[in-house]
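Residues per chain are reported as follows:
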Amino acid sequence: MISCVLGISISSNAQDLVKGKKIYDTRCLVCHQADGGGVPNMNAPLDGSSNLVGNNIARLVRIVKGGYSEKIALDGYYYNNVMTPNPDFKDEDIANVLSYVRNSWGNKASKITVAQVKAALRKK
Ligand code: HEC
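Residues numbered from 1 in each chain as written. Predicted model: local features only at pLDDT ≥ 70, side-chain atom pairs only at ≥ 80, totals over all residues. Heavy atoms only, no water.

On to the overall build of the protein chain, then. In terms of helices and strands, the protein chain carries 5 helices and 0 strands. Here the protein chain, with 124 residues, has 35% of them falling under the buried criterion. Long-range contacts, defined as pairs at least 24 residues apart, comprise 57% of the intrachain contacts of the protein chain with a sequence gap of at least 6. Total accessible area on the protein chain is roughly 7,700 Å²; 57% of this is exposed by carbon and sulfur atoms. (Helix = DSSP H or I, 4+ residues; strand = E, 2+ residues; numbered from the N terminus. Buried < 20%, exposed > 50% of the residue type's maximum accessible area, 1.4 Å probe, protein only. Contact = heavy atoms within 4.5 Å. Areas by Shrake-Rupley, 256 points an atom, 1.4 Å probe, with all protein chains shown as cover.)

Rendered as structure tokens:
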């Protein structure tokens, strides 16, 4: 039987993305929405965000851990809401949720490792 594969193909590191989705659904979805589209003028979209699929991993790690409210244009738009910090997240949680959002909807980027999270949090 041919099964219907939706979106991402989950293979070797399935666990990371499954855990990441769980974190997303409970801690990020309320603002960034199920489709990653955000809310115009309020919450930045994650689907199609050039920063999110970009190489500044340290910035992404710090945003997830420490929250974000810079009032800087993101892909040309401003968002008024304040992103709340997640100080209780373990390094592994940050790696899993970032791996998930970088590989959901239309996004396709490298996964984030725990080592990358640790390195980002060391250099402040
Ligand atoms: C209370 C609402 C809220 C929650 C909850 C939230 N965010 Fe955000 N997020 C925002 C807002 C608002 C911005 C943009 C802030 C700004 O531009 O000043 C943002 C920005 C971001 C960015 C930067 C996007 C870019 O294009 O640079 C990332 C990455 C991000 N959020 C990821 C997450 C993840 C992952 C979670 C869950 C762990 C999460 N957010 C939870 C509201 C939220």
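This next bit is on the coordination of the iron atom of the ligand. For the iron atom of the ligand, the full set of protein donor atoms is His32 (NE2) and Met83 (SD), and the range of their distances to it is 2.0 to 2.2 Å. Residue methionine 83 is classed as partly exposed on the basis of its relative accessible area, which comes to 28%. (Donors = N, O, S within 2.8 Å, 3.2 Å for Na, K, Ca; no water.)

Let us now look at the site of the ligand. The ligand sits among 27 residues. The nearest are Cys28, Cys31, His32, Ser49 and Met83. Here asparagine 51 contributes a side-chain N or O atom positioned 2.8 Å from an oxygen atom of the ligand. One nitrogen or oxygen atom from the main chain of lysine 71 is found 3.4 Å from an oxygen atom belonging to the ligand. For the shell around the ligand, the secondary structure elements donating two or more residues are helix 2 (29-32) and helix 3 (57-66). It is helix 3 that provides the largest number of residues to the shell around the ligand, a total of 4 residues. Split by residue class, the shell around the ligand holds 15 nonpolar, 8 polar and 4 charged. (Near = heavy atom within 4 Å. Polar contact = N/O pair within 3.5 Å; in protein donor to acceptor, adjacent residues only side chain to side chain. Nonpolar A, V, L, I, M, F, W, Y, C, P; charged D, E, K, R; others polar.)

For phenylalanine 89, the location among the structural elements is in the loop between helix 3 and helix 4 (91-101). Looking at phenylalanine 89, the relative accessible area reads 6%, which means it is buried. Separated by 66 residues in sequence, phenylalanine 89 and isoleucine 23 place their C-alpha atoms 9.7 Å apart. Excluding its chain neighbours within four sequence positions, the residues that come into contact with phenylalanine 89 are Ile23, Arg27, Val64, Lys65 and Ile94.

On inspection of all chains with the given rule, the structure shows 4 salt bridges. The salt bridge partner of lysine 19 is glutamate 92, with a shortest N-O separation of 3.3 Å. Placement of lysine 19 in helix 1 (residues 14-27) and of glutamate 92 in helix 4 is noted, with a sequence separation of 73 residues between them. On the basis of relative accessible area, lysine 19 is assigned to the partly exposed category, the value being 35%. Ionic pairing is found between aspartate 88 and arginine 27, a salt bridge with its closest N-O pair at 3.0 Å. (Salt bridge = Lys/Arg side-chain N within 4 Å of Asp/Glu carboxyl O.)

What follows deals with helix 5 (residues 114-122). Every buried residue belonging to helix 5 is among Val117, Ala120 and Leu121, and all of these are buried. When helix 5 is viewed along its axis, its buried side chains cluster within an angular range of 95 degrees and face the same direction. Along helix 5, the residues that are exposed and aim more than 90 degrees away from the buried face are Ala115 and Arg122. Next to the buried residues of helix 5 lie helix 3 and helix 4. (Arc of directions from axis to C-beta.)

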